[in-house]
Amino acid sequence: MAERGLTLMAVHAHPDDEATSTGGVLARYAAEGITTVLVTCTDGGCGDGPGGVKPGDPGHDPAAVVAMRQAELEASCAALKVSHLETLGYADSGMMGWSTNDLPGAFWNTPVTEAAQRLAELIRRYRPDVVVTYDENGFYGHPDHIQAHRITMAAVEMTDVPAKVYWTTVPHTAFAEFGRVMKELGVEWAEPEETPGADGPGPQLGLPDDEITTWVDTSSYGAQKFDALAAHASQTENIFFLRMGRDRFVELMGRETFVRVRDTTGAALPEDDLFAGLR
């Protein structure tokens, strides 16, 4: 068991994001006795409604979607044994370029300092040793992911609490393997090269393997991660990993990878533990 007092905080944009890139570490560190805190920034109102109805289509009720996705988020946290769930409650901004980007209350339309101050209050309350969020492109260019990155980094500067900060990423070799498996299962899959943004193509998804600093073995927690993703049943059309099925998912999704961007411990790189240097 880890020494008492260690805390991990993951800052994500929408309900279901917590499971995709950090479900393994949330489950693993909870099992090791570490306090886990999930901060979800938006309400997920631009997600699919019942029956897969899309935002803007007849029958899509954002308020009903928000309530449904909150329940799904709580079920996901139960699967991952998350210690504390905090929701900032900003409106889901939708994809880059949608009219919802500019609505009052949309996360993307919220001043960074304002949202960062709210997150800083949570950092001061929970005093996480490790904070995890997205890179400056929000991994794939989603406005709410980019905003989550911005407010997290601003809140870290405001508080100077976390000993270590990480950004989620995926090695290029993993993308290649995932594409191979999807094609094997008969799912159309174009290996991602560039992500679209408001002004054209953005940075390539993921990183070369040799640029990844931290490789965490989460193979023993694959079933929990699958269950957490499956809890977001309303969004299954968009959660490609579920198309593998439970057994193949557990077999293939046994590692989560990160880039360390803040460290006060002097832990050597590469590392296999977000808490290297802290225990």
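Residues numbered from 1 in each chain as written. Predicted model: local features only at pLDDT ≥ 70, side-chain atom pairs only at ≥ 80, totals over all residues. Heavy atoms only, no water.

### Remarks on the overall build of the protein
For the protein, the helix and strand inventory stands at seven helices and nine strands. In summary, the protein has a C-alpha radius of gyration of 18 Å against a globular reference of 19 Å for 279 residues, a match within 12%. For the protein, the spread of C-alpha atoms along the three principal axes comes to 55 × 45 × 35 Å. When burial is assessed residue by residue, the protein has 53% of its 279 residues classed as buried. Look at the contacts in the protein between residues 6 or more apart in sequence, and 77% of them connect residues 24 or more apart. (Helix = DSSP H or I, 4+ residues; strand = E, 2+ residues; numbered from the N terminus. Rg over C-alpha atoms; globule rule 2.2 N^0.38 Å. Buried < 20%, exposed > 50% of the residue type's maximum accessible area, 1.4 Å probe, protein only. Contact = heavy atoms within 4.5 Å.)

### Here's the deal with the sheet that holds strand β1 (residues 7-12)
What the seven strands build is an open sheet, ordered β3-β2-β1-β4-β5-β9-β8; its pairing is mixed. Each having just a single partner strand, β3 (84-90) and β8 (214-217) make up the two edges of the open sheet. On average, each strand axis in the sheet is inclined to that of its neighbour by 25°, with strand direction left out of account. As judged from the five bridges shared by strand β2 (residues 35-42) and β3, these two strands associate in the parallel manner. (Pairing = 2+ DSSP bridges. Axes fitted to C-alpha atoms, helices over the stretch in contact; angles between N-to-C directions.)

### Some remarks on the nonpolar core
Ranked by internal contacts, the top residues of the largest apolar core, which has 33 residues, are Leu8, Tyr29, Leu274 and Phe275. If you tally residues by element for this core, the top one is helix α1 (residues 17-31), at five residues. The residues contacting Leu8, other than those within four sequence positions of it, are Val25, Leu26, Tyr29, Ile34, Thr35, Thr36, Val37, Val130, Val132, Leu274 and Phe275. With 24 residues, the next largest nonpolar core counts Tyr90, Ala116, Ile123 and Ala155 among its residues. (Core = buried A, V, L, I, M, F, W, Y, C linked by side-chain atoms within 4.5 Å.)

### Considerations on the packing of aromatic side chains
Considering all chains together, one arrives at four aromatic pairs under this definition. Measuring from centroid to centroid gives 4.9 Å for Tyr29 and Phe275, while their planes differ by 70°, and the two rings are edge-to-face. Residue Tyr29 is found in helix α1, and its partner Phe275 is found in the segment after β9 (255-263); the two are separated by 246 residues along the sequence. Grouping residues by exposure puts Tyr29 and Phe275 together as buried. Between Tyr166 and Phe258, the aromatic rings sit 6.2 Å apart at their centres with planes inclined by 70°, giving edge-to-face as the arrangement. Highlighted residues: Tyr166 in strand β5 (residues 164-169) and Phe258 in strand β9, separated in sequence by 92 residues. You can call Tyr166 buried: its relative accessible area is 0%. (Phe/Tyr/Trp six-rings, centres within 6.5 Å; stacked < 30°, edge-to-face > 60°.)

### Quick notes on the pairing of β1
By the criterion of burial, β1 is predominantly enclosed, with six of the six residues buried. Neither face of β1 is exposed, since Thr7, Met9 and Val11 on one face and Leu8, Ala10 and His12 on the opposite face are all buried. For the segment spanning β1, α1 and β2, crossover handedness is right-handed. Strand direction decides the pairing type here: β1 and strand β4 (residues 130-133), joined by three bridges, are parallel. Across the sheet, Leu8 pairs through a bridge with Val130, a residue of β4. (Right-handed = clockwise from strand over helix to strand, strands pointing away.)

### Some words on the packing of helix α3 (residues 112-126) against helix α4 (residues 143-159)
Packed helices, taken two at a time, are described by their axes: the angle between them and the distance between them. Look at α3 against α4: their axes get within 8 Å of each other, and the N-to-C directions meet at 55°. By the angle between their axes, α3 is oblique relative to α4. Relative to α4, α3 is oriented so that their crossing is right-handed. The segment α3 lies against α4, with Val112, Thr113, Ala115, Ala116, Gln117, Leu119, Ala120, Ile123 and Arg124 engaging Gln147, Arg150, Ile151, Thr152, Ala154, Ala155, Val156, Met158 and Thr159. For the contact of α3 with α4, a count of residues per class yields 11 nonpolar, five polar and two charged. (Parallel < 35°, antiparallel > 145°, perpendicular 65-115°, else oblique. Left-handed = near helix turned anticlockwise from the far one by under 90°. Nonpolar A, V, L, I, M, F, W, Y, C, P; charged D, E, K, R; others polar.)

### Here we look at the packing of helix α2 (residues 62-80) against helix α6 (residues 222-231)
The geometry of α2 relative to α6 is characterised by a closest axis approach of 8 Å and an angle of 175° between their N-to-C directions. When the axis of α2 is compared with that of α6, the two are roughly antiparallel. The residues of α6 that touch α2, namely those facing Glu72, Ala75, Ser76, Ala79 and Leu80, are Gln224, Lys225, Asp227, Ala228 and Ala231.

### Some words on the environment of Asn238
Among the structural elements, Asn238 can be located in the loop between α6 and α7 (246-252). With 186 residues separating them along the chain, Asn238 and Gly52 place their C-alpha atoms 9.8 Å apart. Apart from residues lying up to four places away in sequence, Asn238 is in contact with Asp48 and Lys54.

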